[in-house]
Amino acid sequence: MYRIALVLALVCWMGLERTIRLRRSNGGGVSLDAGTLCFLRWAIYGSVPLALAIAFWHSRGFDFGAGRPWQWVGLGMIAAGLAIRGSALRTLRRFFTPDITIVAGQRLIQTGLYRFVRHPGYAGMLLSIGGLAVALANGYAAALLATAPTLAVWRRIRVEEQVLRQAFPDDYPRYCRTTARLIPFVF
């Protein structure tokens, strides 16, 4: 049962990421991501399959039991992360694109989860990746998943926040003072 749940979680995750990847900015925005999209894709598309391979190899084919309690917690983290990322997608609508872009008529969104954190899409992604690290029950896979995607997301957030400060010079700094980056009321 656990293995089926893990596969279903991964399929849902791939579906959401494919939906995001196919989105393009409408309104003629120019990509301002400074190479962060490529770095992020390499970090995730490289580390997730490699972590799966490491866990597969170390456990002789994902034979890590019927799902220990912490592995079910990991699956719950993946699901929660996907829900958070999906909510961010729905809240931003056409402004949620793979590229860091400011399009004509764009406004600073401060509704939905954006009332509590500035980057719920990245928070959801990192929560899902952390959940995968827990679900795989392998220290090497967890170390890989904790490192590469986190560094890529952190770099991307820094670039994105620069772009938003330039696009919304009055509103964005004020918004930053009242909301956390990734974890409500913490960071």
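Below, the structure is looked at part by part. (Residues numbered from 1 in each chain as written. Predicted model: local features only at pLDDT ≥ 70, side-chain atom pairs only at ≥ 80, totals over all residues. Heavy atoms only, no water.)

### A word on the pattern of salt bridges
Here is the rule we go by: Every case where a carboxyl oxygen of Asp or Glu lies within 4 Å of a side-chain nitrogen of Lys or Arg is listed as a salt bridge. Elements are defined by DSSP. Helices are runs of H or I of four residues or more, strands are runs of E of two residues or more, and each kind is numbered from the N terminus.
The full count for this structure, using the stated rule, is five salt bridges. As a salt-bridge pair, Asp171 and Arg174 come within 2.6 Å of each other at their nearest N and O atoms. On the criterion of helical spacing, the pair formed by Asp171 and Arg174 is a turn pair, its members being three residues apart in helix α6 (residues 171-178). The network of salt bridges with common partners includes Arg118, Glu161 and Arg181.

### Thoughts on the environment of Leu16
Put simply, the rule is: Contacts: residue pairs with any heavy atoms within 4.5 Å of one another.
With respect to the secondary-structure elements, Leu16 resides in helix α1 (residues 2-21). For the pair Leu16 and Arg85, spaced 69 residues apart in the sequence, the C-alpha separation amounts to 8.6 Å. Every residue in contact with Leu16, bar those within four places of it in the chain, is listed here: Leu82, Arg85, Gly86 and Leu89.

### Focus on the environment of Arg94
Along the polypeptide, Arg94 turns up in the loop between α3 (69-92) and α4 (120-136). In this structure, the C-alpha to C-alpha distance between Arg94 and Leu10, residues 84 residues apart in sequence, is 25 Å.

### A few points about unusual backbone geometry
Counted only if it meets this: Here the term buried applies to any residue with accessible area under 20% of the maximum for its type, exposed to any over 50%, and partly exposed to those in between, with areas from a 1.4 Å probe on protein chains only.
Non-glycine residue Ala34 carries a positive phi angle of around 55°. Within the secondary structure, Ala34 sits in the loop between α1 and α2 (36-58). Phi is positive for Arg93, which is not a glycine, with a value near 55°. Relative to the helices and strands, Arg93 resides in the loop between α3 and α4. Of the residues examined, Arg93 reaches a relative accessible area of 61% and is grouped as exposed.

By themselves, these are just geometric observations and shouldn't be taken as functional.
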